[in-house]
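Structural overview for review
The lines below spell out each chain.
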Amino acid sequence: MTPEVQRRSLSLAGYDVPVVELTGSPDGPRLTVIAGVHGCEYASQAGVRQWVRALAGRDLRGSVRAVPVLNQPAFWARTPFVVPEDGKNLNRCFPGDPAGTAAQRLAHDAFTQLIAGSDAFIDAHAGDMVEALEPFALYDAGAGEATAEKLATAYGLGYVIRQEPGPGRPISGTSTSAAAEIGIPAITAESGQCGLVEPAAVARHVRGLNRVLALLGMADDPDPGPVPPPTVLRRFLWMYSTSAGWWEPAVGTGEQVEEGQVLGTVSSLDGAEVLQTVTAPSAGVPMFITSSPAVAADGLLLGLGAA
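The following paragraphs examine the structure supplied in this document. Keep in mind the model is a prediction, meaning the values are calculated, not measured.

**Concerning unusual backbone geometry**
A cis amide bond, omega 5°, links F94 with the succeeding residue P95. Here P95 is to be found in the loop between α2 (72-77) and α3 (102-115). Phi is positive for D298, close to 65°, though the residue is something other than glycine. Within the element layout of this structure, D298 appears in the loop between β16 (294-295) and β17 (300-306). A residue is classified by how much of its surface remains accessible, and D298, at 57% relative accessible area, is exposed.

Below, the structure written as structure tokens:
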């Protein structure tokens, strides 16, 4: 049946966040889709906006709750990565704290009012303003991982990364790891880079979300066809600068690299001294690379996906 569409603002940590709810026949699951956890990852936001508009005219089984831009303060301030009020990365704060700082409160309200109670959850991302990126999907090990793996594969982004909990994990406090901890199948889907709204990157999100709907039995895929099997990676290795300086990558995203290969250098601003030579700790593929030459001490340089 054609869904009933409700558009409203939800107060999350005091921010008015636009939410679109589409309710179809009652014999299907509830899917929650969020974009804009990082306010300047525009390709994913554009993809969710476009997808929701088209979905309003299609037959739907179950219900969809979609948030095109969650991190409102970062979006309006054009602030990459963090919530400007407290300087914290929202995607390191889940499941949040109702008595915490702005990012922690926003994570708590988003988790309790949007993510909890879902049958599946998609967190749509892209490369932020200074982040070149190879499209990939990521899911966490846990009770819902069998379905999460299928969701990640269906999204069709070429690479799928499975993350294990524990000390080898590069980050914690993400929306999808918090969802996985309570048994919700969840994936992070990444397409787009450098804060740009590129049509191909937006289209990957729209196609991926449609394939997720089809996988869950919620709607027919308007563009059916085989999805090429992804390259599955088991490790996500993040590399940081040892000192502030000028970062110059020697490889590109999606490029196969060998263990020990030079990935880039950090040098003094006058170019006279190489301060750090960054080499690959393992064979793999750079999933994202900081595209800005300016890096601080302990600044994130790149993320390497490895088998």
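**Some points on the sheet that holds strand β6 (residues 131-133)**
Read from one edge of the open sheet, four strands run β6-β15-β17-β11, paired in antiparallel fashion. What marks the edges here is a single partner per strand, and that holds for β6 and β11 (235-240). Each adjacent strand pair in this sheet contributes to an overall mean axis angle of 20°, direction not counted. Two elements, β11 and β17, share six bridges in a ladder whose sense is antiparallel. The residue bridging R235 from the neighbouring strand is A306, located in β17.

**Re the pairing of strand β5 (residues 120-125)**
Within β5, six of the six residues are buried, which leaves it mostly tucked inside the rest of the structure. Here β5 shows no split at all, with A120, I122 and A124 on one side and F121, D123 and H125 on the other all buried. As paired strands, strand β3 (residues 25-35) and β5 are joined by five bridges and run parallel to one another. Note on β5: the bridge partner recorded for V33 is I122. Alignment of β5 against strand β9 (residues 186-190), held across five bridges, turns out to be parallel. The residue bridging A124 from the neighbouring strand is A189, located in β9.

**Observations regarding the nonpolar core**
Grouped together as the largest cluster of nonpolar side chains are 36 residues, with contacts concentrated most on L31, W51, V64, I187 and L213. What L213 contacts, discounting residues up to four positions off in sequence, is L31, W51, L55, R58, L60, V64, M218 and A219. Of all hydrophobic cores here, the second largest spans 27 residues; its members include V83, L90, A178 and A179.

**Thoughts on the packing of helix α4 (residues 145-155) against helix α6 (residues 199-215)**
With their axes 8 Å apart at the nearest point, α4 and α6 run at an angle of 140° to one another. In terms of axis orientation, α4 runs oblique to α6. Where α4 crosses over α6, the handedness of that crossing is right-handed. Of α6, the residues touching α4 (which contributes K150, L151, A154 and Y155) are R204, H205, G208, L209, R211, V212 and L215.

Procedures and definitions
Residues numbered from 1 in each chain as written. Predicted model: local features only at pLDDT ≥ 70, side-chain atom pairs only at ≥ 80, totals over all residues. Heavy atoms only, no water. Helix = DSSP H or I, 4+ residues; strand = E, 2+ residues; numbered from the N terminus. Buried < 20%, exposed > 50% of the residue type's maximum accessible area, 1.4 Å probe, protein only. Pairing = 2+ DSSP bridges. Axes fitted to C-alpha atoms, helices over the stretch in contact; angles between N-to-C directions. Core = buried A, V, L, I, M, F, W, Y, C linked by side-chain atoms within 4.5 Å. Contact = heavy atoms within 4.5 Å. Parallel < 35°, antiparallel > 145°, perpendicular 65-115°, else oblique. Left-handed = near helix turned anticlockwise from the far one by under 90°.

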